[in-house]
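Per-entry structural report
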Amino acid sequence: MLDIKYIRENSELVKKAVSDKQLSGTVDIDKILELDQEYIGLLQKVELHRTLRNKLSESIGKVGADERDNLIKEATAVKEELSSMEATLKSLRDRLDMLLLWVPNPPAADVPYGADESGNVEIKKVGLIPEFSFEVKDHLDLANSLGIADVERGAKIAGFRGYFLKNEGVLLQNALLRYSLDVMKEKGFDIFEVPWMVKPEYFTGTGYFPWGEEDHYKTQDGLALIGTAEVSLTSYYAEEVLKEEDLPIKLAGISPCYRREIGSYGKDTRGIFRVHQFTKVEQVVLTVADEEETRVWHDKMLSFSEEVLQGLGLSYHVLLMCSGDMGAGQKKKYDIETWFPFQGVYRETHSDSYFNDFQSRRLNIRYKAKDGKLKYVYTLNNTVAASPRLLAAILENFQTESGSVVVPEVLHKYLDFKEIVPKK
């Protein structure tokens, strides 16, 4: 959430953010400013009436009986008028707060404009594209022949995009997740298993509601299933005041993730690349209210994810996302896309973003600075490893002509096999 004072002083910049992020029609900044002025005007009247009410109350006990009756009548009228104005003031505040939830975070100055993914900019490419002397298979054909996944029965049991992992597939995925957790532990992150069902206010706090509400599953108890551990991790210190000397706070969480994939109808319908349920390790950092320091951490978190991919021996490239292909709350975003040989393209496996105080204002996470002032922390998050996407990448990149898949060496210590061979 943006501070209303910031919106007043930077209205054209905020309007441009609405347009650049392709959110025109979802929020009207002029309407918000008009409502804000109406609120301020009424607030001033309310404060004057409160002062008058207090003066009248004080005066009633200091005058004679004749004057007292008149003052009581006047005080009663002022009290009734004040009560009506306060009710209107609360209604205005509630309307204003609801509209403010729809105001996006302006992109950082170096974020390119673009209406969609075609405006994203490749900033680096890492690793050699593997070459094969045989016709490569896609991850689903490999998984079927290796006996490590079953999509047909997954769809029978769970519906479209349902799947089973089996045998070495389960063990390989667990090794991948354990490896990524070990990398984060080595970087000084605290490791969490997080709540999977979370109160809606924390989805609003992290910016997933109201924009992405339709893409989340909800329970009959009023909770929602997380689509990323970011929601739980970033909300961990909600309504708390931290100390500057304790920042940055580094959190890494593992969780299942649930997404309805509302906007992806017809996309990636084959295999286990885009599914409703998957497991992910996520990294979150809370740091001081300084954008330069935040940008340092943004790049660091990117490097941690790159280290995971490089350790696995996977080729990838990094994209700087354009304004129209980033979330409403994100200030700047990198995507890492990993190489998939069968399709001959890079596919998204990681997303690295920073928000400044957009999330912390909603969640009311502050810290006491060294100068004694209370400030909102700045927040960042990035994927460490998401499976089965990375599992699918490993299958395709390390397949052999015989149909087996060689396990990346960095995972050997977590497994009792180094290769998965076909079962049929």
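Quick summary incoming for the structure in this document. As the structure is a prediction and not an experimental result, all values here were calculated from the model.

Take the packing of aromatic side chains next. For the coordinates displayed, the defined rule picks out nine aromatic pairs. Between F132 and F134, the ring centres sit 5.4 Å apart and the planes meet at 75°, which makes this aromatic pair edge-to-face. Residues F192 and Y236 carry aromatic rings whose centres are separated by 5.1 Å and whose planes lie at 70° to one another, so their mutual orientation is edge-to-face. Of the two residues, F192 is situated in strand β4 (residues 190–193) and Y236 in the loop between α9 (230–235) and β7 (241–243); the sequence distance between them amounts to 44 residues. The class of F192 is buried, set by a relative accessible area of 18%. By relative accessible area, Y236 is classed as partly exposed at 45%.

This part covers the sheet that holds strand β14 (residues 374–376). Pairing within the open sheet is mixed, and its three strands lie in the order β7-β13-β14. Each edge of the open sheet is held by one strand with a lone partner, namely β7 and β14. Looking at each pair of strands side by side, their axes are set apart by 40° on average, direction ignored. Note that strand β13 (residues 366–368) and β14 share three bridges and pair antiparallel. From the neighbouring strand, R366 faces β14, where its bridge partner is Y376.

Our focus in this paragraph is the packing of helix α5 (residues 139–146) against helix α12 (residues 389–397). Orientation of α5 relative to α12, taken along the N-to-C sense of each, is 85°, at an axis distance of 9 Å. As far as their axial angle goes, α12 and α5 are roughly perpendicular. Across the interface between the two elements, H139, L142, A143 and L146 of α5 pack against A392, L395 and E396 of α12.

This paragraph deals with helix α7 (residues 168–186). Turn by turn, an α-helix covers 3.6 residues, leaving residues three or four places apart pointing in a common direction. Between its terminal C-alpha atoms α7 stretches 26 Å, which fits the 27 Å expected from 19 residues at 1.5 Å a residue. Among all positions in α7, only E168, G169, L172, Q173, A175, L176, L177, Y179, S180, L181, V183 and M184 are buried. The positive-phi residue at the C-terminal boundary of α7 is G188, with phi of around 90°.

Turning to unusual backbone geometry, a few remarks are in order. Put simply, F209 and P210 share a cis peptide bond, and its omega is 10°. Relative to the helices and strands, P210 resides in the loop between α8 (200–206) and β6 (224–225). L247 connects to P248 through a cis peptide bond whose omega is 0°. Within the secondary structure, P248 sits in the loop between β7 and β8 (249–258). In this structure, E239 takes a positive phi of about 65° despite not being glycine. Inspection of the secondary structure puts E239 in the loop between α9 and β7.

In terms of burial, α12 is largely enclosed, as nine of its nine residues are buried. Looking only at α12, the buried set comprises R389, L390, L391, A392, A393, I394, L395, E396 and N397.

In this section: the nonpolar core. Core analysis: the largest hydrophobic core is formed by 58 residues, its most contacted members being L172, L312, L314, I394 and L411. Ranked by residues supplied to this core, first place goes to α7 with eight residues. Leave out the neighbours within four places in its chain, and I394 touches L172, L176, L312, L314, V405, P408 and L411. Of all hydrophobic cores here, the second largest spans 26 residues; its members include L2, L33, L82 and V103.

As a further point, take the sheet that holds strand β15 (residues 378–387). Spatially, β1-β10-β11-β12-β15-β9-β8-β4 is the arrangement adopted by the eight strands of the open sheet, whose pairing is mixed. On the outer flanks of this sheet lie β1 (121–126) and β4, each paired with one strand and no other. Neighbour-to-neighbour, the strand axes of the sheet open up by a mean angle of 25°, direction not taken into account. When strand β12 (residues 345–356) meets β15, the two strands line up antiparallel, connected through four bridges. Bridge pairing in β15 links N356 to T379. Packing of helix α10 (residues 291–312) onto the sheet brings it into contact with β1, β8, β9 (277–287), β10 (316–320), β11 (332–340), β12 and β15, and relative to β15 it is tilted by some 10°. In the packing of α12 onto the sheet, the strands contacted are β11, β12 and β15, and the crossing angle to β11 comes to about 35°.

Moving on to the pattern of salt bridges. Inspection of every chain in the model, using the stated rule, returns 23 salt bridges. In this structure, E282 engages K280 in a salt bridge whose closest nitrogen and oxygen atoms are separated by 2.5 Å. Residue class for K280 comes out buried when judged on its relative accessible area of 5%. Among the charged side chains, a network of salt bridges with common partners joins D3, D357 and R361.

Let us look at the side chain of S305. As for its position among the elements, S305 is in helix α10. Setting aside residues up to four positions removed in sequence, S305 forms contacts with Q283, I336, H350, N382, T383 and V384.

Attention now goes to the side chain of D352. Along the polypeptide, D352 turns up in strand β12. Not counting residues up to four positions away in its chain, the partners in contact with D352 are H298, M301, L302, K332, K333, Y334, N381 and N382.

Of all nine residues making up β11, nine are buried, and the element is well covered by its neighbours. In this sheet, β11 lies alongside β10 in antiparallel orientation, the contact comprising five bridges. Note that in β11 the partner of V318 across the bridge is I336. With nine bridges joining them, β11 and β12 adopt antiparallel strand pairing. Its bridge partner lying in β12, K333 is registered against S353.

Rules of the game
Along each chain, numbering runs from 1 in the same order as the chain's sequence is written. Where local features are concerned, this predicted model is filtered to residues with pLDDT of at least 70; where side-chain atom pairs are given and counted, the filter is 80 or more; whole-chain, interface and lining totals use all residues. In computing side-chain properties, one takes all heavy atoms of the structure into account and sets aside hydrogens as well as water. When the centres of two rings from Phe, Tyr and Trp lie within 6.5 Å, Trp using its six-membered ring, the rings pair. Their planes under 30 degrees apart give stacked, over 60 give edge-to-face, and anything left gives tilted. Numbering of helices and strands runs from the N terminus; a helix is a DSSP stretch of H or I covering at least four residues, while a strand is a stretch of E covering at least two. Only protein chains enter the calculation, and the probe is 1.4 Å; a residue is then buried if its accessible area is under 20% of its type maximum, exposed if over 50%, and partly exposed in between. Here, any two strands with at least 2 DSSP bridges between them count as paired. Orientation is described by axes fitted as lines to C-alpha atoms, over the contacting stretch for helices, and by angles from 0 to 180 degrees between their N-to-C directions. Throughout this description, any angle smaller than 35 degrees is read as roughly parallel, any larger than 145 degrees as roughly antiparallel, any in the 65 to 115 degree range as roughly perpendicular, and the remainder as oblique. Contacts: residue pairs with any heavy atoms within 4.5 Å of one another. Multiplying one less than the number of residues by 1.5 Å gives the expected span of a helix. Buried Ala, Val, Leu, Ile, Met, Phe, Trp, Tyr and Cys residues that are joined via side-chain atoms within 4.5 Å together make up what is termed a nonpolar core. Counted as salt bridges are all cases of a side-chain nitrogen of Lys or Arg within 4 Å of a carboxyl oxygen of Asp or Glu.

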